[in-house]
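In case you want the letters, here they are:
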Amino acid sequence: MLDHLPDGLLDCHATELNNRLQAPTVIHLSGRRPQPVFVSVLQHGNEVSGWDAVRRLLKGRYQRDPLPRSLILFIANVRAASRRQRKLTDQPDFNRCWPGSDAGDTPWHRMFADLTRHVRELRPMASIDIHNNSGENPHYAAVNRIAPQSLRLASMFSRTVIYFTRPRGVQSMAFGEFCPAVTLECGPPHRLDGTDHAMTFLDTILNLDQISDQAPSPENLELYEMIATVNVAPDRSFSFAPDGSSLILRPDLDRLNFEEVPPGTRLGRVNGDSGLPLVAVTHDGHDVSGEWFSVRDGDIVTSRPLMPAMLTTEERIIRQDCLCHLMERLSSERMETEHARHRSTLPEKRY
């Protein structure tokens, strides 16, 4: 935990940070307004847009001018970043280890719990966790609470917002207990537009007097809810090329992200094995694979209209995380129900 930026740190690419920091690092930077904004980058080591956005922002006018607001910067998985990987084999997924996780008590969980308590005492104005997608996705924001300030914060990044409650143990869910919290998804990490978008958003938030407690108007918000997670069955081999695997997925599968996919859409080819190679589980634990997918003449196809997000063609990511999530538009009735559920536990008014 540092109270300054080490000399030369902003000149380091994400792959070089481990040489300077050697561990997850929190950096406190003072600004004109004392109530801080918390920003998390590199929870997944190959998702670099957040770090690139922060270093470009701080190497600009804030090298000579004071920050408009204090900043708590968390630089997370520098070891994985040094190898351009999401996580290393001896590591858990950092963004599954925060308070509320379903996993057991480990040194990682204790570290993230300590960090959560530390930041909570500082009463941040907002929490921003910056990520990339491994597949083709639009830039979007994600929230874990249907609360006016969280939705307002998310809509300032994108009109496309996803509400999710699984997986548990994510940073935004833990911090959403005491401040407006958002996850930014900035598209593939090699694209500069994701870095540009994140940097502009951070600059805007740091210059805010406060986050409005008025929810964005419906015409300025496309709100979706994640309803199920899809994985390749663990006993099935799979590939995106015809190599003899039991499941050959379409090489352009990620082009379906955020599209209204009709029934009968072909997702891939099943070789020899019986049964469904894709497993869809709702966030309350029900297996709904047969409702969403079927095998027809050797092809795996959709059985009903669906909208996927975070489809990827990177095989390592699919095994480490999932193939995709399924979404549906959040109805006004459902939105009001969730708003009422969270209303009694909204973060306290600050400053």
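Scroll up to find the structure.
First, a word on scope: everything that follows refers to the structure included in this document. (Residues numbered from 1 in each chain as written. Predicted model: local features only at pLDDT ≥ 70, side-chain atom pairs only at ≥ 80, totals over all residues. Heavy atoms only, no water.)

Inspection of the entire model under this criterion finds 21 salt bridges. The partner of R33 in a salt bridge is D209, with the nearest N and O atoms 2.6 Å apart. In this pair, R33 sits in strand 2 (residues 31-41) while D209 sits in the loop between helix 7 (192-206) and strand 8 (222-232), placing the two residues 176 residues apart along the sequence. For R304, the salt bridge goes to E291, with nearest N and O atoms at 3.4 Å. In this pair, R304 is assigned in the loop between strand 14 (299-302) and strand 15 (307-309) and E291 in helix 8 (residues 289-292), connecting sequence segments 13 residues apart. Bridged by salt links that share partners, the residues E47, R86, D93, R96 and D321 form one connected network. (Salt bridge = Lys/Arg side-chain N within 4 Å of Asp/Glu carboxyl O. Helix = DSSP H or I, 4+ residues; strand = E, 2+ residues; numbered from the N terminus.)

This next bit is on helix 7. With 15 residues, helix 7 extends 21 Å between its outermost C-alpha atoms, agreeing within 8% with the 21 Å of an ideal straight helix rising 1.5 Å per residue. Along helix 7, the positions that sit buried rather than exposed are G194, T195, A198, M199, F201, L202, I205 and L206. End-on view of helix 7: buried residues confined to an arc of 165°, all on one side of the axis. Check the buried side of helix 7 and you find it contacts strand 2, helix 2 (49-59), strand 3 (67-75), strand 4 (126-131), helix 5 (148-155) and strand 7 (181-185). (Expected span 1.5 Å × (residues − 1). Buried < 20%, exposed > 50% of the residue type's maximum accessible area, 1.4 Å probe, protein only. Arc of directions from axis to C-beta. Contact = heavy atoms within 4.5 Å.)

With that out of the way, let us pick up the pairing of strand 12 (residues 278-282). Residues L278, A280 and T282 line the buried face of strand 12, whereas the alternating positions V279 and V281 sit on a face that is not buried. Here five bridges tie strand 8 to strand 12, and the two strands are oriented antiparallel to one another. Bridge pairing in strand 12 links N231 to V279. (Pairing = 2+ DSSP bridges.)

Looking at the element boundaries, D299 is found in strand 14. Residue class for D299 comes out buried when judged on its relative accessible area of 17%. A distance of 3.2 Å separates polar atoms of two side chains, one belonging to D299 and the other to R266. Those residues in contact with D299, other than ones at most four positions away along the chain, are R266, G268, R269 and S294. (Polar contact = N/O pair within 3.5 Å; in protein donor to acceptor, adjacent residues only side chain to side chain.)

The next thing to look at is the nonpolar core. Counting residues in each nonpolar core, the largest one holds 52 residues, and the members touching the most others are V39, W51, I75 and I128. Element by element, the count of residues in this core is highest for helix 7, at six residues. In this structure, I75 is in contact with L9, L17, L21, A23, P24, T25, I27, V41, L42 and W51, ignoring residues within four places of it in sequence. Within the second largest apolar cluster, 25 residues are counted, among which are F240, V261, L278 and F293. (Core = buried A, V, L, I, M, F, W, Y, C linked by side-chain atoms within 4.5 Å.)

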